[in-house]
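# Remarks on the overall topology
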Amino acid sequence: MSTSARYDFDTVIDRRGTWCVQWDGVADRFGVDGLLPFTISDMDFATAPEVLTALRARLDHGVLGYTTWQQDDFRSAVAHWYATRYGTEVDTGRLVYGPSVLSQLSQLLQMWTAEGDGVVVHTPTYDGFRKAVTGLGRELRGVPLGDTEALERELARADAKVFVLCSPHNPTGRVWTEDELREMGALARRHGVAVISDEIHADFVHDGYRHVPWTRIGGDGRWAVITSGSKAFNFPALTGSYGFIGDPADRAEFLRRMETAEGLASPAVLSLTAHIAAYRDGAAWLDAARSYVAGNLALIAERLNGAFPELAWQPPQAGYLAWIDLRPLGVGAGAGADGVAGGGGVDGVDDEALQRVLIEREKVAIMPGAVYGAPGFLRLNAGCPRSKVVAGVEALVRGVGGVR
(Lines give C-alpha, C1' and ligand atoms only; values in the text may rest on other atoms or scores of the structure.)
Protein backbone atom coordinates (compact mmCIF):
# COMPACT_ATOMS: atom_id res chain seq x y z
CA MET A 1 0.00 0.00 0.00
CA SER A 2 1.35 3.45 -0.89
CA THR A 3 1.95 6.03 1.83
CA SER A 4 -0.83 8.27 0.55
CA ALA A 5 -3.31 5.37 0.46
CA ARG A 6 -2.89 4.84 4.21
CA TYR A 7 -4.64 8.12 5.01
CA ASP A 8 -7.99 9.61 4.02
CA PHE A 9 -8.02 13.27 3.01
CA ASP A 10 -11.10 13.09 0.79
CA THR A 11 -13.75 12.59 3.46
CA VAL A 12 -15.41 15.86 4.42
CA ILE A 13 -15.46 16.48 8.18
CA ASP A 14 -18.18 18.91 9.25
CA ARG A 15 -16.45 21.58 11.34
CA ARG A 16 -19.52 23.77 11.82
CA GLY A 17 -20.60 24.16 15.42
CA THR A 18 -17.11 23.34 16.75
CA TRP A 19 -16.21 26.99 17.56
CA CYS A 20 -14.04 26.94 14.45
CA VAL A 21 -12.67 30.31 13.31
CA GLN A 22 -12.65 29.37 9.62
CA TRP A 23 -16.22 28.07 9.50
CA ASP A 24 -18.10 29.43 12.52
CA GLY A 25 -16.30 32.79 12.53
CA VAL A 26 -16.60 33.63 8.84
CA ALA A 27 -19.12 36.41 9.47
CA ASP A 28 -16.65 38.20 11.77
CA ARG A 29 -14.45 39.03 8.78
CA PHE A 30 -16.78 38.79 5.78
CA GLY A 31 -20.03 40.01 7.33
CA VAL A 32 -22.09 37.03 6.17
CA ASP A 33 -22.73 33.60 7.70
CA GLY A 34 -22.84 30.39 5.71
CA LEU A 35 -20.04 31.11 3.24
CA LEU A 36 -17.77 28.32 2.04
CA PRO A 37 -14.50 29.43 3.65
CA PHE A 38 -10.93 29.32 2.29
CA THR A 39 -9.52 31.71 4.86
CA ILE A 40 -7.48 31.27 8.03
CA SER A 41 -4.50 28.97 7.65
CA ASP A 42 -5.60 25.78 9.28
CA MET A 43 -6.63 22.65 7.39
CA ASP A 44 -9.94 20.81 7.24
CA PHE A 45 -8.15 17.48 7.79
CA ALA A 46 -8.09 15.55 11.04
CA THR A 47 -4.58 15.55 12.45
CA ALA A 48 -2.36 12.50 12.02
CA PRO A 49 -3.86 9.35 13.57
CA GLU A 50 -0.52 8.76 15.29
CA VAL A 51 -1.01 12.09 17.07
CA LEU A 52 -4.61 11.31 17.98
CA THR A 53 -3.56 7.96 19.43
CA ALA A 54 -0.98 9.67 21.65
CA LEU A 55 -3.51 12.29 22.77
CA ARG A 56 -6.06 9.63 23.71
CA ALA A 57 -3.45 7.72 25.69
CA ARG A 58 -2.49 10.87 27.58
CA LEU A 59 -6.14 11.64 28.37
CA ASP A 60 -6.68 8.08 29.53
CA HIS A 61 -4.02 8.68 32.18
CA GLY A 62 -6.55 11.04 33.70
CA VAL A 63 -4.27 13.44 35.58
CA LEU A 64 -3.71 16.78 33.83
CA GLY A 65 -1.52 18.62 36.29
CA TYR A 66 1.22 21.20 35.87
CA THR A 67 3.73 20.18 33.23
CA THR A 68 7.30 20.94 32.19
CA TRP A 69 8.55 21.14 28.63
CA GLN A 70 12.17 20.93 29.79
CA GLN A 71 12.41 17.15 29.60
CA ASP A 72 14.15 14.73 27.30
CA ASP A 73 11.08 13.33 25.54
CA PHE A 74 10.31 16.71 24.00
CA ARG A 75 13.90 17.78 23.41
CA SER A 76 14.88 14.52 21.76
CA ALA A 77 11.74 14.55 19.55
CA VAL A 78 12.65 18.01 18.26
CA ALA A 79 16.26 16.94 17.66
CA HIS A 80 15.06 13.82 15.84
CA TRP A 81 12.77 15.87 13.59
CA TYR A 82 15.47 18.32 12.57
CA ALA A 83 17.96 15.52 11.95
CA THR A 84 15.61 13.40 9.84
CA ARG A 85 13.66 16.19 8.13
CA TYR A 86 16.37 18.77 7.49
CA GLY A 87 19.65 16.93 8.00
CA THR A 88 20.45 19.46 10.72
CA GLU A 89 21.84 18.88 14.19
CA VAL A 90 20.32 21.32 16.66
CA ASP A 91 21.53 22.33 20.09
CA THR A 92 18.55 21.55 22.32
CA GLY A 93 20.16 23.67 25.01
CA ARG A 94 18.94 26.65 22.93
CA LEU A 95 15.30 25.51 23.02
CA VAL A 96 12.56 27.76 24.37
CA TYR A 97 8.81 27.26 24.60
CA GLY A 98 5.77 29.53 24.37
CA PRO A 99 2.02 29.46 23.88
CA SER A 100 2.18 30.56 20.22
CA VAL A 101 4.58 31.77 17.56
CA LEU A 102 3.12 35.27 17.73
CA SER A 103 3.45 35.39 21.53
CA GLN A 104 7.12 34.48 21.12
CA LEU A 105 7.47 37.21 18.50
CA SER A 106 5.92 39.74 20.86
CA GLN A 107 8.29 38.83 23.71
CA LEU A 108 11.35 39.02 21.47
CA LEU A 109 10.29 42.40 20.08
CA GLN A 110 9.90 43.70 23.62
CA MET A 111 13.36 42.38 24.48
CA TRP A 112 15.17 43.71 21.44
CA THR A 113 13.33 46.93 20.54
CA ALA A 114 11.83 50.04 22.08
CA GLU A 115 8.80 52.08 21.04
CA GLY A 116 9.40 53.80 17.72
CA ASP A 117 12.15 51.41 16.61
CA GLY A 118 12.03 50.00 13.10
CA VAL A 119 11.11 46.37 12.42
CA VAL A 120 11.85 45.21 8.88
CA VAL A 121 9.66 42.65 7.06
CA HIS A 122 9.18 41.43 3.52
CA THR A 123 6.12 42.53 1.57
CA PRO A 124 3.50 41.24 1.12
CA THR A 125 3.34 40.71 4.87
CA TYR A 126 1.52 38.20 7.05
CA ASP A 127 -1.04 40.30 8.92
CA GLY A 128 -0.08 38.76 12.28
CA PHE A 129 3.34 40.40 11.97
CA ARG A 130 1.79 43.77 11.28
CA LYS A 131 -0.53 43.52 14.27
CA ALA A 132 2.26 42.42 16.62
CA VAL A 133 4.71 45.11 15.50
CA THR A 134 2.37 48.07 15.34
CA GLY A 135 0.48 46.96 18.45
CA LEU A 136 3.71 47.34 20.42
CA GLY A 137 4.31 50.83 19.02
CA ARG A 138 7.14 49.77 16.72
CA GLU A 139 7.40 50.94 13.11
CA LEU A 140 6.77 48.30 10.47
CA ARG A 141 9.07 48.75 7.45
CA GLY A 142 8.39 46.65 4.40
CA VAL A 143 10.74 45.67 1.58
CA PRO A 144 9.62 43.76 -1.53
CA LEU A 145 10.51 40.07 -1.74
CA GLY A 146 13.87 39.57 -3.40
CA ASP A 147 14.93 43.24 -3.34
CA THR A 148 18.29 42.97 -1.60
CA GLU A 149 19.17 46.63 -2.09
CA ALA A 150 15.94 47.76 -0.41
CA LEU A 151 16.53 45.29 2.40
CA GLU A 152 20.00 46.64 3.08
CA ARG A 153 18.74 50.24 3.01
CA GLU A 154 16.19 49.45 5.69
CA LEU A 155 18.57 47.39 7.81
CA ALA A 156 21.15 50.18 7.64
CA ARG A 157 18.83 52.75 9.23
CA ALA A 158 20.08 53.66 12.70
CA ASP A 159 16.81 52.76 14.44
CA ALA A 160 16.28 49.44 12.64
CA LYS A 161 16.58 46.83 15.38
CA VAL A 162 14.89 43.62 14.17
CA PHE A 163 14.37 41.84 10.88
CA VAL A 164 11.37 39.47 11.01
CA LEU A 165 11.87 36.79 8.38
CA CYS A 166 9.08 34.45 7.30
CA SER A 167 10.78 31.24 6.12
CA PRO A 168 9.06 29.86 4.09
CA HIS A 169 7.22 33.04 3.28
CA ASN A 170 3.55 33.63 4.08
CA PRO A 171 1.48 34.48 2.05
CA THR A 172 3.50 33.73 -1.11
CA GLY A 173 4.85 30.28 -0.20
CA ARG A 174 8.37 31.18 -1.29
CA VAL A 175 11.18 28.94 -0.02
CA TRP A 176 14.45 30.80 0.51
CA THR A 177 17.63 29.22 -0.82
CA GLU A 178 20.60 28.79 1.49
CA ASP A 179 22.51 31.46 -0.45
CA GLU A 180 19.63 33.92 -0.01
CA LEU A 181 19.44 33.20 3.69
CA ARG A 182 23.18 33.59 4.17
CA GLU A 183 23.10 36.91 2.35
CA MET A 184 20.27 38.15 4.58
CA GLY A 185 22.15 36.96 7.66
CA ALA A 186 25.32 38.75 6.59
CA LEU A 187 23.38 42.00 6.02
CA ALA A 188 21.73 41.75 9.44
CA ARG A 189 25.05 41.14 11.21
CA ARG A 190 26.73 43.98 9.26
CA HIS A 191 24.15 46.46 10.53
CA GLY A 192 23.68 45.03 14.02
CA VAL A 193 20.07 43.96 13.43
CA ALA A 194 18.59 40.94 15.21
CA VAL A 195 16.81 38.29 13.12
CA ILE A 196 13.62 36.52 14.15
CA SER A 197 12.89 33.68 11.73
CA ASP A 198 9.30 32.41 11.75
CA GLU A 199 9.55 28.86 10.37
CA ILE A 200 6.06 27.55 11.12
CA HIS A 201 5.46 26.68 7.44
CA ALA A 202 8.78 24.85 7.06
CA ASP A 203 7.42 21.31 7.38
CA PHE A 204 5.13 21.82 4.37
CA VAL A 205 7.81 22.50 1.73
CA HIS A 206 6.92 20.81 -1.57
CA ASP A 207 9.03 18.45 -3.66
CA GLY A 208 11.88 20.15 -5.47
CA TYR A 209 12.53 22.68 -2.71
CA ARG A 210 14.43 22.50 0.57
CA HIS A 211 13.99 24.42 3.79
CA VAL A 212 17.18 25.54 5.50
CA PRO A 213 16.67 26.26 9.23
CA TRP A 214 18.04 29.56 10.52
CA THR A 215 19.85 27.58 13.21
CA ARG A 216 22.36 26.83 10.42
CA ILE A 217 22.59 30.47 9.34
CA GLY A 218 22.53 32.63 12.48
CA GLY A 219 26.10 32.12 13.62
CA ASP A 220 27.24 34.59 16.26
CA GLY A 221 24.63 37.20 15.39
CA ARG A 222 21.59 37.96 17.57
CA TRP A 223 18.83 35.63 16.33
CA ALA A 224 15.86 33.50 17.22
CA VAL A 225 13.79 30.85 15.46
CA ILE A 226 10.08 30.65 16.31
CA THR A 227 8.05 27.69 15.09
CA SER A 228 5.54 24.96 15.90
CA GLY A 229 4.36 21.59 14.65
CA SER A 230 0.79 22.86 14.79
CA LYS A 231 0.69 24.23 11.23
CA ALA A 232 1.85 21.12 9.39
CA PHE A 233 0.06 18.63 11.63
CA ASN A 234 -3.04 20.79 12.08
CA PHE A 235 -3.39 21.08 15.85
CA PRO A 236 -3.28 24.87 16.51
CA ALA A 237 -6.21 24.60 18.91
CA LEU A 238 -3.92 22.83 21.39
CA THR A 239 -1.72 25.96 21.56
CA GLY A 240 2.02 25.62 21.95
CA SER A 241 5.13 26.61 20.06
CA TYR A 242 8.86 26.39 20.52
CA GLY A 243 12.00 27.93 19.15
CA PHE A 244 15.72 28.44 19.46
CA ILE A 245 17.54 31.53 20.72
CA GLY A 246 21.20 31.86 19.80
CA ASP A 247 22.59 33.92 22.70
CA PRO A 248 22.48 32.29 26.17
CA ALA A 249 21.72 35.58 27.94
CA ASP A 250 18.87 36.32 25.53
CA ARG A 251 17.51 32.84 26.04
CA ALA A 252 17.60 33.21 29.83
CA GLU A 253 15.83 36.58 29.61
CA PHE A 254 13.16 35.16 27.30
CA LEU A 255 12.45 32.29 29.70
CA ARG A 256 12.39 34.66 32.67
CA ARG A 257 9.78 36.81 30.95
CA MET A 258 7.65 33.81 30.01
CA GLU A 259 7.80 32.24 33.46
CA THR A 260 7.38 35.39 35.55
CA ALA A 261 5.97 38.37 33.70
CA GLU A 262 3.68 36.18 31.57
CA GLY A 263 3.04 33.47 34.17
CA LEU A 264 3.54 30.69 31.61
CA ALA A 265 5.84 28.30 33.42
CA SER A 266 3.59 25.31 32.69
CA PRO A 267 2.85 24.51 29.03
CA ALA A 268 -0.25 22.79 27.64
CA VAL A 269 0.43 19.10 28.16
CA LEU A 270 -1.60 18.01 25.12
CA SER A 271 0.47 20.26 22.89
CA LEU A 272 3.66 18.65 24.17
CA THR A 273 2.12 15.21 23.63
CA ALA A 274 1.09 16.13 20.08
CA HIS A 275 4.51 17.54 19.18
CA ILE A 276 6.34 14.48 20.45
CA ALA A 277 4.05 12.07 18.60
CA ALA A 278 4.14 14.11 15.39
CA TYR A 279 7.92 14.38 15.37
CA ARG A 280 8.50 10.76 16.29
CA ASP A 281 5.76 9.00 14.33
CA GLY A 282 3.99 11.47 12.02
CA ALA A 283 6.34 11.83 9.03
CA ALA A 284 4.41 9.42 6.80
CA TRP A 285 1.12 11.24 7.42
CA LEU A 286 2.73 14.61 6.71
CA ASP A 287 4.25 13.39 3.45
CA ALA A 288 0.85 12.06 2.40
CA ALA A 289 -0.84 15.34 3.33
CA ARG A 290 1.73 17.34 1.36
CA SER A 291 1.22 15.10 -1.66
CA TYR A 292 -2.55 15.48 -1.46
CA VAL A 293 -2.34 19.26 -1.12
CA ALA A 294 0.08 19.39 -4.05
CA GLY A 295 -2.67 17.72 -6.07
CA ASN A 296 -5.13 20.37 -4.89
CA LEU A 297 -2.77 23.14 -5.94
CA ALA A 298 -2.17 21.52 -9.33
CA LEU A 299 -5.93 21.38 -9.83
CA ILE A 300 -6.21 25.10 -9.04
CA ALA A 301 -3.45 25.87 -11.54
CA GLU A 302 -5.08 23.79 -14.27
CA ARG A 303 -8.51 25.38 -13.79
CA LEU A 304 -7.32 28.98 -13.39
CA ASN A 305 -4.93 28.86 -16.32
CA GLY A 306 -7.51 27.11 -18.46
CA ALA A 307 -10.00 29.89 -17.81
CA PHE A 308 -7.48 32.75 -17.80
CA PRO A 309 -4.27 31.78 -19.65
CA GLU A 310 -2.75 35.20 -19.03
CA LEU A 311 -2.42 34.35 -15.33
CA ALA A 312 0.13 31.55 -15.92
CA TRP A 313 -0.34 30.76 -12.23
CA GLN A 314 2.13 28.41 -10.53
CA PRO A 315 1.58 26.58 -7.22
CA PRO A 316 3.57 27.82 -4.22
CA GLN A 317 6.87 26.27 -3.22
CA ALA A 318 5.58 25.59 0.29
CA GLY A 319 2.33 25.41 2.18
CA TYR A 320 -1.32 24.98 1.31
CA LEU A 321 -2.10 28.64 0.62
CA ALA A 322 -2.61 29.53 -3.03
CA TRP A 323 -1.36 33.11 -3.50
CA ILE A 324 -3.04 34.25 -6.71
CA ASP A 325 -2.07 37.39 -8.66
CA LEU A 326 -5.17 38.64 -10.48
CA ARG A 327 -3.64 41.90 -11.70
CA PRO A 328 -3.10 40.54 -15.25
CA LEU A 329 -6.91 40.37 -15.42
CA GLY A 330 -7.29 44.00 -14.32
CA VAL A 331 -8.21 43.21 -10.71
CA GLY A 332 -6.57 45.69 -8.35
CA ALA A 333 -5.04 47.34 -11.41
CA GLY A 334 -3.68 50.24 -9.40
CA ALA A 335 -1.30 48.00 -7.49
CA GLY A 336 2.42 48.51 -8.01
CA ALA A 337 4.70 46.02 -9.70
CA ASP A 338 5.60 44.44 -6.37
CA GLY A 339 1.97 43.90 -5.49
CA VAL A 340 2.03 46.13 -2.43
CA ALA A 341 1.64 49.68 -3.68
CA GLY A 342 -1.44 51.47 -4.88
CA GLY A 343 -5.09 50.89 -4.15
CA GLY A 344 -6.46 49.07 -7.17
CA GLY A 345 -9.29 50.02 -9.43
CA VAL A 346 -7.41 52.11 -12.01
CA ASP A 347 -8.57 50.96 -15.48
CA GLY A 348 -9.68 47.72 -13.90
CA VAL A 349 -11.78 46.15 -11.17
CA ASP A 350 -11.10 47.00 -7.56
CA ASP A 351 -10.73 44.31 -4.93
CA GLU A 352 -13.93 45.27 -3.16
CA ALA A 353 -16.02 44.70 -6.29
CA LEU A 354 -14.59 41.21 -6.67
CA GLN A 355 -15.15 40.46 -2.99
CA ARG A 356 -18.80 41.55 -3.27
CA VAL A 357 -19.35 39.10 -6.12
CA LEU A 358 -17.55 36.26 -4.33
CA ILE A 359 -19.49 36.82 -1.11
CA GLU A 360 -22.93 37.82 -2.33
CA ARG A 361 -23.27 35.72 -5.47
CA GLU A 362 -20.78 32.85 -5.19
CA LYS A 363 -21.09 32.43 -1.40
CA VAL A 364 -17.38 31.86 -0.80
CA ALA A 365 -14.92 33.54 1.54
CA ILE A 366 -11.40 33.95 0.10
CA MET A 367 -8.85 36.23 1.75
CA PRO A 368 -8.25 39.47 -0.19
CA GLY A 369 -4.62 40.37 -0.83
CA ALA A 370 -5.13 43.80 0.71
CA VAL A 371 -5.02 42.09 4.13
CA TYR A 372 -1.33 41.45 3.41
CA GLY A 373 -0.70 44.81 1.73
CA ALA A 374 -1.17 43.43 -1.79
CA PRO A 375 -4.28 44.59 -3.66
CA GLY A 376 -5.02 42.56 -6.74
CA PHE A 377 -4.16 39.25 -5.06
CA LEU A 378 -6.16 36.54 -3.28
CA ARG A 379 -5.04 33.92 -0.74
CA LEU A 380 -7.03 30.70 -1.07
CA ASN A 381 -6.59 27.93 1.50
CA ALA A 382 -6.24 24.59 -0.31
CA GLY A 383 -5.71 22.51 2.83
CA CYS A 384 -9.01 20.69 2.49
CA PRO A 385 -10.75 17.79 0.72
CA ARG A 386 -10.57 18.01 -3.08
CA SER A 387 -14.33 18.43 -3.44
CA LYS A 388 -14.11 21.67 -1.51
CA VAL A 389 -11.19 22.91 -3.63
CA VAL A 390 -13.19 22.20 -6.78
CA ALA A 391 -16.13 24.18 -5.43
CA GLY A 392 -13.87 27.06 -4.45
CA VAL A 393 -11.91 27.39 -7.67
CA GLU A 394 -15.08 27.11 -9.77
CA ALA A 395 -16.65 29.89 -7.70
CA LEU A 396 -13.51 31.98 -8.14
CA VAL A 397 -13.48 31.49 -11.92
CA ARG A 398 -17.14 32.46 -12.14
CA GLY A 399 -16.61 35.42 -9.84
CA VAL A 400 -13.62 36.80 -11.72
CA GLY A 401 -15.34 36.22 -15.03
CA GLY A 402 -18.37 38.10 -13.76
CA VAL A 403 -16.51 41.31 -12.93
CA ARG A 404 -14.19 41.58 -15.94
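Look up a bit, the structure's there.
Below you will find a few notes about this structure. Here the structure is a predicted model, which means the values were calculated and not measured.

### A few points about the overall build of the chain
A count of helices and strands for the chain gives 14 helices and 11 strands. For 404 residues, the compact-globule estimate of 2.2 N^0.38 gives 22 Å, and the C-alpha radius of gyration of the chain, at 21 Å, lies within 12% of that figure. When burial is assessed residue by residue, the chain has 54% of its 404 residues classed as buried. The contacts of the chain with a sequence gap of at least 6 include a subset with a gap of at least 24, amounting to 73%. Side-chain charges of the chain comprise 39 positive and 50 negative groups, with the mean position of each set lying 1 Å from the other.

### A word on the layout of surface pockets
Here the second largest pocket is characterised by a volume of approximately 290 Å³. Lining the second largest pocket are 14 residues, and of these Thr172, Gln314, Pro315, Pro316 and Trp323 sit closest to its centre.

### With respect to the nonpolar core
Soluble, globular proteins show a tendency: their nonpolar side chains are buried together. One finds Phe233 and Ile300 to be the most contacted residues of the largest nonpolar core, which totals 113 residues. Among the elements that take part in this core, helix α12 (residues 283-307) stands out by supplying 10 residues, more than any other. Of all hydrophobic cores here, the second largest spans 11 residues; its members include Val26, Ile359, Ala365 and Val371.

### Comments concerning the sheet that holds strand β1 (residues 36-38)
What the four strands build is an open sheet, ordered β1-β10-β11-β9; its pairing is mixed. If you trace the sheet from one side to the other, it starts and ends with β1 and β9 (321-325), each paired once. Neighbour-to-neighbour, the strand axes of the sheet open up by a mean angle of 35°, direction not taken into account. In the packing of helix α13 (residues 351-361) onto the sheet, the strands contacted are β10 (364-368) and β11 (377-381), and the crossing angle to β10 comes to about 155°. Strands in contact with helix α14 (residues 386-403) are β1, β9, β10 and β11; relative to β1, the strand with the most contacts, it is inclined by about 90°.

### A short note on the sheet that holds strand β7 (residues 223-227)
Read across the open sheet, the seven strands follow the order β2-β8-β7-β6-β5-β3-β4; overall the sheet is mixed. In this open sheet, the two strands that pair with only one neighbour each are β2 (95-98) and β4 (139-144). The mean inter-strand angle of the sheet, taken between neighbouring strand axes irrespective of direction, is 25°. Taken together, the four bridges between β7 and strand β8 (residues 241-245) define a ladder with antiparallel strand orientation. Paired with Val225 across the strands is Phe244, a residue of β8. Against the sheet, helix α4 (residues 72-86) engages β2, β7 and β8, with an angle of about 75° to β8.

### A closer look at the environment of Trp323
Topologically, Trp323 is positioned in strand β9. Sequence spacing of Trp323 and Met367 is 44 residues, and the spatial spacing of their C-alpha atoms is 9.7 Å. Once you skip the residues sitting within four places of it in the chain, Trp323 turns out to touch Pro124, Pro171, Thr172, Trp313, Gly369, Tyr372, Ala374, Phe377, Leu378 and Arg379.

### Describing the side chain of Glu154
By the secondary structure assignment, Glu154 is in helix α7 (residues 148-156). Assessed through its relative accessible area of 17%, Glu154 is described here as buried.

### Side note on helix α5 (residues 101-112)
Its 12 residues give α5 an end-to-end C-alpha distance of 16 Å, which sits within 8% of 16 Å, the value for a rise of 1.5 Å per residue. The buried count for α5 comes to 10 of 12 residues, which makes it a mostly enclosed element. Listing the buried residues of α5 in full gives Val101, Ser103, Gln104, Leu105, Ser106, Gln107, Leu108, Leu109, Met111 and Trp112.

### Quick look at the pairing of β8
Summarising burial for β8: five of the five residues are buried, a large majority. Burial along β8 is two-sided: Ser241, Gly243 and Ile245 and Tyr242 and Phe244, pointing in opposite directions, are all buried. Pairing of β2 with β8, which is carried by four bridges, proceeds in the antiparallel orientation. Across the sheet, the residue bridging to Gly98 is Ser241, located in β8.

### Quick word on the pattern of salt bridges
Considering all chains together, one arrives at 23 salt bridges under this definition. Among the ionic pairs, Arg85 bridges to Asp287, the shortest N-O distance being 2.6 Å. With a gap of 202 residues between them, Arg85 in helix α4 and Asp287 in helix α12 connect regions that are remote in the sequence. On the basis of relative accessible area, Arg85 is assigned to the partly exposed category, the value being 23%. Owing to a relative accessible area of 30%, Asp287 belongs among the partly exposed residues under this scheme. For the salt bridge of Glu178 with Arg210, the shortest nitrogen-to-oxygen distance reads 3.3 Å. Taken together, the residues Glu178 in helix α8 (residues 178-190) and Arg210 in the loop between β6 (194-198) and β7 connect sequence positions 32 residues apart.

How each quantity is defined
- Residues numbered from 1 in each chain as written.
- Predicted model: local features only at pLDDT ≥ 70, side-chain atom pairs only at ≥ 80, totals over all residues.
- Heavy atoms only, no water.
- Helix = DSSP H or I, 4+ residues; strand = E, 2+ residues; numbered from the N terminus.
- Rg over C-alpha atoms; globule rule 2.2 N^0.38 Å.
- Buried < 20%, exposed > 50% of the residue type's maximum accessible area, 1.4 Å probe, protein only.
- Contact = heavy atoms within 4.5 Å.
- Lys, Arg positive; Asp, Glu negative; His and termini not counted.
- Charge placed at Lys NZ, Arg CZ, Asp CG, Glu CD.
- 1 Å grid on protein atoms, 1.4 Å probe; cavity = no way out; pocket = protein on both sides within 12 Å on 5 of 7 lines; lining within 4 Å.
- Points joined across faces, edges and corners; volume = space filled by probe spheres on them.
- Core = buried A, V, L, I, M, F, W, Y, C linked by side-chain atoms within 4.5 Å.
- Pairing = 2+ DSSP bridges.
- Axes fitted to C-alpha atoms, helices over the stretch in contact; angles between N-to-C directions.
- Expected span 1.5 Å × (residues − 1).
- Salt bridge = Lys/Arg side-chain N within 4 Å of Asp/Glu carboxyl O.

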